[in-house]
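Listed below are the residues making up each chain.
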Amino acid sequence: MAKSNGKKINIAVFISGRGSNLRSLIKKYKAKYSPITIKLVISSNPNAKGLMYARQSKIKSYVTNFKKNNTTEKKLLKKLSDSNIDLICLAGFMKILSKNFIKQFNNPILNIHPSLLPKYKGLNTHKRVIKKKEKYSGATVHLVSEKLDSGRIVLQKKIKISKYENEKTLEKKILKVEHVLYPKAIKKLLINL
Ligand code: GRF
């Protein structure tokens, strides 16, 4: 799955908080012989717990006061191109990327969302799913487009919601699924590029 020039595929992971998906991706790709490497972590929040995982693994990180304006976007795009980033993975990144940013980056951008998209786009997913008494939920990895949680679906995993499920237990259950799903989706995307 390496690039045609034999070089590694460089990923930048964008976070805003806890970073459990980042942690699982770091673990997945840490081996020296891995064809994929996490080269950069971008955080919209200086206090994101996920930044600790980057530090522990000596991955370059960069905190950006993410605003949809030309200067911040340009700076960020420069960082990404300086690090030869081939793929961005959003993992709990709480900002919306502009149409211009997506176009200028010119490489795929993935996002992970804790629902069976196109159902339950946006925030407070688990709360809404429980309230609606859904029987199933899940996680989705999709390509990022200008519309929130709406790009082409790469991979999705469905889980059953038990009778006694609450917001917290559902979140925990789905996070576990996400940690397996994200690397699988990355592999699927890269193979099909
Ligand atoms: C995950 O549930 C992800 O699907 C959503 O935000 C959460 C991030 O969790 N977009 P973490 O920061 O990776 O622990």
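Here's a quick rundown of the structure.

Calculation rules
- Residues numbered from 1 in each chain as written.
- Predicted model: local features only at pLDDT ≥ 70, side-chain atom pairs only at ≥ 80, totals over all residues.
- Heavy atoms only, no water.
- Near = heavy atom within 4 Å.
- Polar contact = N/O pair within 3.5 Å; in protein donor to acceptor, adjacent residues only side chain to side chain.
- Areas by Shrake-Rupley, 256 points an atom, 1.4 Å probe, with all protein chains shown as cover.
- 1 Å grid on protein atoms, 1.4 Å probe; cavity = no way out; pocket = protein on both sides within 12 Å on 5 of 7 lines; lining within 4 Å.
- Sits in = over half its atoms within 2 Å of the grid points.
- Helix = DSSP H or I, 4+ residues; strand = E, 2+ residues; numbered from the N terminus.
- Nonpolar A, V, L, I, M, F, W, Y, C, P; charged D, E, K, R; others polar.
- Core = buried A, V, L, I, M, F, W, Y, C linked by side-chain atoms within 4.5 Å.
- Buried < 20%, exposed > 50% of the residue type's maximum accessible area, 1.4 Å probe, protein only.
- Contact = heavy atoms within 4.5 Å.

Before going further, it helps to spend a moment on the site of the ligand. Around the ligand, the structure places Arg 18, Gly 19, Ser 20, Asn 21, Gly 92, Ile 112, His 113, Pro 114 and Glu 178. One of the side-chain nitrogen or oxygen atoms of Arg 18 is found 2.6 Å away from an oxygen atom of the ligand. Relative to its unbound accessible surface of 370 Å², the ligand loses 85% to contact with the protein. Among the cavities detected, the one that contains the ligand is the largest pocket. The set of elements that each furnish at least two residues to the shell around the ligand consists of helix H1 (20-29) and strand S5 (109-113). Classifying every residue of the shell around the ligand by side-chain character gives two nonpolar, five polar and two charged.

Counting residues in hydrophobic clusters, the biggest one holds 38 residues, and the most contacted among them are Val 13, Leu 110, Tyr 182 and Ile 186. Ranked by the residues each element gives to this core, the list is headed by helix H6 (residues 167-192), at nine residues. Setting aside residues no more than four positions away along its own chain, Ile 186 makes contact with Ile 11, Leu 25, Tyr 29, Ile 36, Leu 87, Cys 89 and Leu 110. Counting residues in each nonpolar core, the second largest holds 18 residues, with Ile 85, Ile 102, Phe 105 and Ile 109 among its members.

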